[in-house]
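The lines below spell out each chain.
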Amino acid sequence: MKKFLAVILSVAMVIALAACGKTATTNSGAKTEYKTADDVPDSMTSKDGKYEVSFVTDVGQLKDKSFNQGTYDGVKLNAAQNGRSYKYYQPANGDQATDDDRYDAMKAAAEAGAKVIVCAGFMQGTALEKAAKEFPEVKFVFIDGWSLGLPNVAGICFKEEQCGYFAGYAAVKEGYTNLGFCGGGGGTNPACCRYGYGFAQGAEAAAKELGKTVNLNYSWAYGASFSASMELQTMAEGWYQNGTEVIFACGGSMFSSIAAAASANDKYVIGVDSDQSFDSDTVITSALKGVGEAAAWAVAKAYDGTWDEIGNNAVSLGAADGATGLPTATWKLKNYKVEDYQKQLADVVSGKLVIDDNYENLKSSENLNLIIVE
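Quick caveat: nothing in here was measured; it's all calculated off a predicted structure.

Parameters at a glance
- Residues numbered from 1 in each chain as written.
- Predicted model: local features only at pLDDT ≥ 70, side-chain atom pairs only at ≥ 80, totals over all residues.
- Heavy atoms only, no water.
- Axes fitted to C-alpha atoms, helices over the stretch in contact; angles between N-to-C directions.
- Helix = DSSP H or I, 4+ residues; strand = E, 2+ residues; numbered from the N terminus.
- Parallel < 35°, antiparallel > 145°, perpendicular 65-115°, else oblique.
- Left-handed = near helix turned anticlockwise from the far one by under 90°.
- Contact = heavy atoms within 4.5 Å.
- Nonpolar A, V, L, I, M, F, W, Y, C, P; charged D, E, K, R; others polar.
- Pairing = 2+ DSSP bridges.
- Phe/Tyr/Trp six-rings, centres within 6.5 Å; stacked < 30°, edge-to-face > 60°.
- Buried < 20%, exposed > 50% of the residue type's maximum accessible area, 1.4 Å probe, protein only.
- Arc of directions from axis to C-beta.

Okay, the packing of helix α5 (residues 160-174) against helix α10 (residues 338-350) next. Following both chains from N to C, one finds α5 and α10 inclined at 150°, their axes separated by 11 Å at the closest point. By the angle class used here, α5 and α10 are roughly antiparallel. In the crossing of α5 with α10, the sense of the turn from one axis to the other is right-handed. Contacts between α5 and α10 involve Q162, Y165, F166 and Y169 from the former and Y341, Q344, L345 and V348 from the latter. Its residues assigned to classes, the contact of α5 with α10 comprises 6 nonpolar, 2 polar and no charged.

Right, dumping it as structure tokens:
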């Protein structure tokens, strides 16, 4: 893990260096200066018709300003910086995609010449196992996944309970005592469950320190597909109008519905996966996990001769690996200071503060009034 910390930070430095004007060459022969992932086109045309590095999206849209987009940003920037062709695939049938649809996307990528396929989301597991067995020469990176017992599959998951905790603690320390959590996956997505449980734990800890009671509306309603919807926006509107001050929007494109409700009611949102403050003025902070950096790191290992370190294996990345936290460059909180957050982060890194990841333990307490909303 410590080795990963050094590597993932070096990946982050590479991305930062790209902002200083790194020149990349693709197999199209064109040299382009890429400053950020936003400067790399989502689609490119390969000179030989093959695409070396491919990405298969989770449910929801590629440009979800969260999980899919953040992961693909790391994939495409790494590919562009190393002169490799790249392509993304969205399984057929959108939010209703089946395992067959996901497998078909992976098969299409492999048959188009992919040497590495990055698959996002725990729902990819069944299709990924089938594709990995059929195409053993292709290396598969399973983001938010686990070990499938195959040498060409690397599972990467995260300690979402940590960044969820940081966000919940920060919100209450900032002065908010009426919170909301809207999660994606219908309560079956382990990553979202860890986010939500961590958020509740952080809010409870801060409330206890301050001697306050925090109300937390907690719901998986309208989030099964991770998509924006009027139903979700209406529910968020109702929460805000009934006193909720800030909602943790935990689930891809769900963010846009909740941010719209927050904007209409002069209330606030906590983003997820990536720094979503760039997408809405309503965002006060975001619970970050390094999906893009982790994907880029794993892709690099497919080329540098060190794949065996992660193939047929799974890693769970957290604060000690530089993979979970809050964004400090865009800090908006006034009562809760960056310095205080950094001390808490250090406690998690050192092991002084251990955050429970068993979301089955979620419950109300003396300082947390948990309101489950169906």
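Continuing now.
Read from one edge to the other, the open sheet built from 7 strands follows the order β14-β12-β11-β10-β8-β9-β15, with strand pairing classed as mixed. Of all strands in the sheet, those with a lone pairing partner are β14 (324-325) and β15 (368-373), marking the two edges. Note that strand β12 (residues 283-289) and β14 share 2 bridges and pair antiparallel. For L288, the partnering residue across the bridge sits in β14 and is G325.

The next thing to look at is the packing of aromatic side chains. A full pass over the atoms with the stated rule returns 15 aromatic pairs. Judged by centre distance (5.3 Å) and plane angle (20°), the ring pair of F55 and Y72 falls under stacked. Here F55 is found in strand β3 (residues 53-56), whereas its partner Y72 is found in helix α2 (residues 67-81), with 17 residues between them in sequence. On the basis of relative accessibility, which here comes to 1%, the residue Y72 falls in the buried class. Each ring, one from Y218 and one from W220, has its centre 5.9 Å from the other, and the planes form 85°; the classification is edge-to-face.

The next thing to look at is the packing of helix α3 (residues 99-111) against helix α4 (residues 125-134). In contact at an axis separation of 8 Å, α3 and α4 are set at 35° when each is read in the N-to-C sense. Along this stretch, α3 crosses α4, giving a crossing that reads as right-handed. Note on element contacts: α4 touches α3 through T126, A127, L128, K130, A131 and E134, opposite D99, R102, Y103, M106 and K107.

Turning next to α4. Those residues of α4 not exposed but buried are G125, A127, L128, A131 and A132. Projection of α4 onto a plane perpendicular to its axis shows the buried side chains occupying an angular sector of 155°, all on one side. Facing away from the buried side of α4, by more than 90 degrees, are the exposed residues T126 and K133. On the buried face of α4, the contacting elements are α3, β5 (116-120), β6 (139-143) and β7 (153-158).

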